[in-house]
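# Close look at the chain arrangement
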Amino acid sequence: MITMKNVYKKYKNGVVAVNGIDIEIDRGEFVYVVGPSGAGKSTFIKMMYREDIPTSGDIIVNGINFATLRRKRIPYLRRKIGVVFQDFKLLSKLTVYENVAYALEVIEDSPVQIRSKVNDVLALVGLTQKARMFPNELSGGEQQRVSIARSIVNAPEIVIADEPTGNLDPDTAWEIMQIFEQINAHGTTIIMATHNKDIVNKIRHRVIAIDSGIVTRDEYGGNYSL
Ligand code: ADP
Ligand code: ADP
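Residues numbered from 1 in each chain as written. Chains lettered and ligands numbered in written order. Predicted model: local features only at pLDDT ≥ 70, side-chain atom pairs only at ≥ 80, totals over all residues. Heavy atoms only, no water.

What the protein contains, in helices and strands, is 7 helices and 10 strands. For 226 residues, the compact-globule formula gives about 17 Å, and the C-alpha radius of gyration of the protein, at 17 Å, lands near that figure. Principal-axis analysis of the C-alpha atoms gives the protein an extent of 45 × 40 × 35 Å. Put simply, the protein has 226 residues, and 50% of those count as buried. (Helix = DSSP H or I, 4+ residues; strand = E, 2+ residues; numbered from the N terminus. Rg over C-alpha atoms; globule rule 2.2 N^0.38 Å. Buried < 20%, exposed > 50% of the residue type's maximum accessible area, 1.4 Å probe, protein only.)

Here it is as structure tokens:
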């Protein structure tokens, strides 16, 4: 599902963020990416959805080799990958419903399809009652639910989350994790960068530890330890 071969990323300022990573992630896996700040976790996962481009090495996602990916095919790729951020990145002038529907409107789904898909995912994240509210009327946990709904409304095969519980209190973080568990149980591959030691140690999944741009540990059911 996701293959990286000898991937290396040096930013323009000379920083080597990723220094030779080989990784294989299969369909349906749930993978935590852990490591100290500045280790290269964000760069590693941003390269999976073509937000960052490697300086060298190969990345193949869903059978698409990024090296030969045409610019105009990038929106198509992005639809196959849902992305969730620590700071939610919702559109403040749009309602909950509209934030989720927006991802579908840009691909020109029919209005009936849009309504049905948006209502399904809002129900899944428990926000049916808040569909008409605006992001600033919601708690952090609720905003993250909206952003998760938006990430799965196109039924992607992969969801990538960069510290999705980083801005949430512990109880809310657990609730958000239950939603990711449900999405994963549905067959969706999940890649999640996190600093949440309690969660990684309790809800066991594959752990890829990164430090100084290399994989220092890759263990199924591994713990958090850095
Ligand atoms: P992490 O997510 O583990 O904190 P990052 O991938 O964000 O690590 O960063 C890895 C290294 O790359 C850090 O030294 C960071 O300062 C640097 N870096 C990240 N993004 C950029 C960028 N856009 N330009 C230059 N350096 C960057
Ligand atoms: P099925 O055809 O197996 O019943 P559906 O696609 O109709 O599956 O979805 C069944 C339920 O699962 C619906 O409530 C839907 O919102 C939810 N669902 C759909 N896609 C996902 C997903 N990627 N992760 C978790 N739940 C999902």
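Next comes the rest of the account.
What follows concerns the sheet that holds strand 7 (residues 158–162). Strand order in the open sheet made by the 6 strands is 6-7-8-3-9-10, with mixed pairing throughout. The open sheet has two edge strands with one neighbour each: strand 6 (81–85) and strand 10 (214–219). The average undirected angle you get between the axes of adjacent strands in this sheet is 15 degrees. (Pairing = 2+ DSSP bridges. Axes fitted to C-alpha atoms, helices over the stretch in contact; angles between N-to-C directions.)

This next bit is on the pairing of strand 2 (residues 16–25). Relative to strand 2, strand 1 (residues 2–10) runs antiparallel, the two being bridged by 7 bridges. Looking across to strand 2, one finds that T3 is bridged to E24. Joining the antiparallel neighbours strand 1 and strand 2 is a turn of 5 residues, in which G14 adopts a positive phi near 95 degrees.

This part is about the site of ligand 1. Taken together, Y11, N13, V15, A17, P36, S37, G38, A39, G40, K41, S42 and T43 form the complete shell of residues around ligand 1. Between an oxygen atom of ligand 1 and a side-chain N or O atom of K41, the distance comes to 2.8 Å. With respect to ligand 1, the backbone of S42 contributes an N or O atom lying 2.8 Å from an oxygen atom. Calculation on ligand 1 without its partners gives an accessible area of 560 Å², and the protein chains cover 62% of this total. (Near = heavy atom within 4 Å. Polar contact = N/O pair within 3.5 Å; in protein donor to acceptor, adjacent residues only side chain to side chain. Areas by Shrake-Rupley, 256 points an atom, 1.4 Å probe, with all protein chains shown as cover.)

Before going further, it helps to spend a moment on the pairing of strand 10. Two elements, strand 9 (residues 206–211) and strand 10, share 5 bridges in a ladder whose sense is antiparallel. Bridge pairing in strand 10 links D211 to I214. Between strand 9 and strand 10, which pair antiparallel and follow one another directly, the connecting turn spans 2 residues, one of which, S212, has a positive phi of 50 degrees.

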